[in-house]
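Chain by chain, the residues run as shown.
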Amino acid sequence: MLSAQERAQITQVWDLIAGHEAQFGAELLLRLFTVYPSTKGYFPHLSACQDATQLLSHGQRMLAAVGAAVQHMDDLRAALSPLADLHALVLRVDPANFPLLIQCFQVVLASHLQDEFTVEMQAAWDKFLTGVAVVLTEKYR
């Protein structure tokens, strides 16, 4: 799936955001809710006022899952199986929302990392996150 160079680029970007997962995740959620308001319905525990503490907490959890995926690039299915079960069987998230999340995450990465987030890195992250989305949606079938 991923070349050695793409793996290195994904790891390099992850190393740049490590320690800032909550902030990046909260910004990702805010961007997702603003650009795609219909996605708010999947997060009823995040109040309408978008409490900063709740956003940071959920953002941290979301990016922790991305971090787990980065650490287990060779076996995404095993690493993400519990998360796939949760999204497909419990939360019943429409799979069409994953590309929206991917897009918003890449915008957050680009806005923070700027020149460090090269076109090649974006391509690698897009490929990687699409692979994550595929794994998360396999349980829907």
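Preceding this paragraph is the structure being described.
We now turn to the structure provided with this report. These figures come from a predicted structure and were not determined experimentally. (Residues numbered from 1 in each chain as written. Predicted model: local features only at pLDDT ≥ 70, side-chain atom pairs only at ≥ 80, totals over all residues. Heavy atoms only, no water.)

## Examining the nonpolar core
- Core analysis: the largest hydrophobic core is formed by 42 residues, its most contacted members being F105, L109, W125 and F128.
- Counting only elements with at least two residues in this core, the list comes to α1 (4-17), α2 (21-35), α3 (52-71), α4 (76-90), α5 (97-113) and α6 (119-137).
- Once residues within four sequence positions are removed from consideration, F105 is found in contact with I17, L28, L63, V66, W125 and L129. (Core = buried A, V, L, I, M, F, W, Y, C linked by side-chain atoms within 4.5 Å. Buried < 20%, exposed > 50% of the residue type's maximum accessible area, 1.4 Å probe, protein only. Helix = DSSP H or I, 4+ residues; strand = E, 2+ residues; numbered from the N terminus. Contact = heavy atoms within 4.5 Å.)

## A look at the environment of V35
- Mapped onto the elements of the fold, V35 is located in helix α2.
- By relative accessible area, V35 is classed as partly exposed at 46%.

## Quick look at α4
- Over its 15 residues, α4 extends 20 Å from the first C-alpha to the last, a length consistent with the 21 Å expected when each residue adds 1.5 Å.
- Of all the bends in α4, the largest measures some 45 degrees and sits at P82.
- If you check which residues of α4 are buried, you get L76, L80, A84, H87 and A88.
- At its buried positions, α4 is contacted by α3, α5 and α6. (Expected span 1.5 Å × (residues − 1). Bend = angle between axes of the 7 residues up to and from the residue.)

## Structural notes on the environment of T137
- Its place among the elements puts T137 in helix α6.
- Residues T137 and D126, 11 residues apart in the sequence, show an inter-C-alpha distance of 16 Å.
- With residues up to four places along the chain from it excluded, the contact list for T137 reads P95 and F98.
- Separated by 3.2 Å, the side chain of T137 and the backbone oxygen of V134 make a polar contact. (Polar contact = N/O pair within 3.5 Å; in protein donor to acceptor, adjacent residues only side chain to side chain.)

## Examining unusual backbone geometry
- Unlike most non-glycine residues, Q114 shows phi in positive territory, near 45 degrees.
- In this structure, Q114 sits in the loop between α5 and α6.
- Assessed through its relative accessible area of 55%, Q114 is described here as exposed.

## With respect to the pattern of salt bridges
- This structure, assessed with the given rule, holds 5 salt bridges.
- The salt bridge involving K127 is made with E6; its shortest N-O contact spans 3.1 Å. Of this pair, K127 sits in helix α6 while E6 sits in helix α1, and the two are 121 residues apart along the sequence.
- Between R7 and D74 there is a salt bridge, with the nearest N and O atoms lying 2.6 Å from each other. Of this pair, R7 sits in helix α1 while D74 sits in the loop between α3 and α4; the two residues are 67 residues apart in sequence, bridging distant segments of the chain.
- Given the relative accessible area of 26%, R7 is considered partly exposed. (Salt bridge = Lys/Arg side-chain N within 4 Å of Asp/Glu carboxyl O.)

## Examining the packing of aromatic side chains
- What the rule picks out here adds up to 3 aromatic pairs.
- Taking 5.8 Å as the distance between ring centres and 75 degrees as the angle between the ring planes, the aromatic pair formed by F105 and W125 counts as edge-to-face. Taken together, the residues F105 in helix α5 and W125 in helix α6 connect sequence positions 20 residues apart. In terms of burial, F105 and W125 fall into one category: buried.
- An angle of 90 degrees between the planes, with centres 5.5 Å apart, marks the rings of W125 and F128 as edge-to-face. Residue W125 and its partner F128 are located together in helix α6, separated by 3 residues, close to a single helical turn.
- Under the relative-accessibility criterion, W125 is labelled buried at 0%.
- Through successive ring pairs, a cluster of aromatic residues spans F105, W125 and F128. (Phe/Tyr/Trp six-rings, centres within 6.5 Å; stacked < 30°, edge-to-face > 60°.)

Geometric descriptors of this kind do not, in isolation, establish any biological role.
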